[in-house]
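# Per-entry structural report
Listed here are the chains, written in short residue letters.
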Amino acid sequence: MKIKFTLLFTHFHKNINMMDLEHIHVFLNDDLEFPSCYSINKEPAEAISKICYDNFRFDPSWLYSTITDFRKTEDAEYEAVYCSSRPAIANSNKVGKFYNMQELLSLDKKIDPYYEQILRSTNFLVH
């Protein structure tokens, strides 16, 4: 059995109105994907730490991610989806970029409806 750990990470700007499209941004890596890693025998905390170290400049303990969903994706493969939302910190990512809703809509690559639903349930406005 192989498990894919995926992180849906948003950051928000405290001084911008919650209904403003600039309030919350979602992180995508350089491939315009949510950061993830595969594991056969890692603990979830180890997988999330690896994702954090590969993508961000802060300690994984600051991330405070929680498991949001778990699904079977193939015969012997599952996916554990973790979410986190923290205040925005300039230059916190090593790779990738944080995107607001308008920027996401303008990308050639669209967000998988599965992840879109999870983002909606965690208060990220997806139109």
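Since this is a predicted model, take the numbers as computed values, not measurements. (Residues numbered from 1 in each chain as written. Predicted model: local features only at pLDDT ≥ 70, side-chain atom pairs only at ≥ 80, totals over all residues. Heavy atoms only, no water.)

## Details of the overall build of the protein chain
- Helix and strand counts for the protein chain stand at four helices and six strands.
- Taken from N to C terminus, the helices and strands of the protein chain fall in the order β-β-β-α-α-β-β-β-α-α.
- Here the C-alpha radius of gyration of the protein chain, 14 Å, is about what a compact globule of 127 residues would show, namely 14 Å.
- Scored against the burial criterion, the 127 residues of the protein chain give a buried share of 41%.
- For the protein chain, the proportion of contacts with a sequence separation of at least 24, taken over those separated by at least 6, is 68%.
- Here the protein chain has roughly 7,500 Å² of accessible surface; of this, 50% comes from carbon and sulfur atoms. (Helix = DSSP H or I, 4+ residues; strand = E, 2+ residues; numbered from the N terminus. Rg over C-alpha atoms; globule rule 2.2 N^0.38 Å. Buried < 20%, exposed > 50% of the residue type's maximum accessible area, 1.4 Å probe, protein only. Contact = heavy atoms within 4.5 Å. Areas by Shrake-Rupley, 256 points an atom, 1.4 Å probe, with all protein chains shown as cover.)

## Things to note about the pairing of strand S1 (residues 2-12)
- Among the eleven residues of S1, nine are classified as buried, and the element is accordingly described as predominantly covered.
- Bridge count for S1 against strand S5 (residues 77-87) is eleven bridges, and the pairing is parallel. In the sheet register, Lys-2 faces S5, and the bridge partner there is Glu-77.
- The pairing of S1 with strand S3 (residues 36-39) spans four bridges and is antiparallel. Bridged to Ile-3 within S3 is Ser-39. (Pairing = 2+ DSSP bridges.)

## Remarks on the environment of Phe-56
- Here Phe-56 is to be found in the loop between helix H1 (44-55) and helix H2 (60-63).
- Put simply, Phe-56 and Asn-91 are 35 residues apart on the chain and 8.7 Å apart in space, counted from C-alpha to C-alpha.
- Not counting chain neighbours up to four residues away, the residues in contact with Phe-56 comprise Leu-7, Phe-9, Phe-27, Ile-51, Ser-92, Asn-93, Lys-94 and Phe-98.

## Some thoughts on the pattern of salt bridges
- Under the definition given, this model contains six salt bridges.
- Two residues, Glu-79 and Arg-71, come together in a salt bridge whose shortest N-O distance is 2.8 Å. (Salt bridge = Lys/Arg side-chain N within 4 Å of Asp/Glu carboxyl O.)

## With respect to the packing of aromatic side chains
- Enumeration according to the criterion identifies twelve aromatic pairs in this entry.
- Both rings, one in Phe-27 and one in Phe-56, keep their centres 4.6 Å apart while their planes meet at 55°; by these two values the pair is tilted. On the criterion of sequence distance, the pair formed by Phe-27 in strand S2 (residues 24-28) and Phe-56 in the loop between H1 and H2 is long-range, its members being 29 residues apart.
- For Phe-27, a relative accessible area of 0% gives the class buried.
- By relative accessible area, Phe-56 is classed as buried at 1%.
- Here a set of aromatic residues connected by ring pairs shows up, and it is made of Phe-9, Phe-27, Phe-56, Phe-58, Trp-62 and Phe-98.
- The ring of Tyr-38 carries the charged tip of Lys-2 above its face, separated from the ring centre by 4.7 Å.
- If you follow Arg-86 out to its NZ or CZ, it ends over the ring of Trp-62, 5.3 Å from the centre. (Phe/Tyr/Trp six-rings, centres within 6.5 Å; stacked < 30°, edge-to-face > 60°. Lys NZ or Arg CZ within 6 Å of the ring centre and 35° of its normal.)

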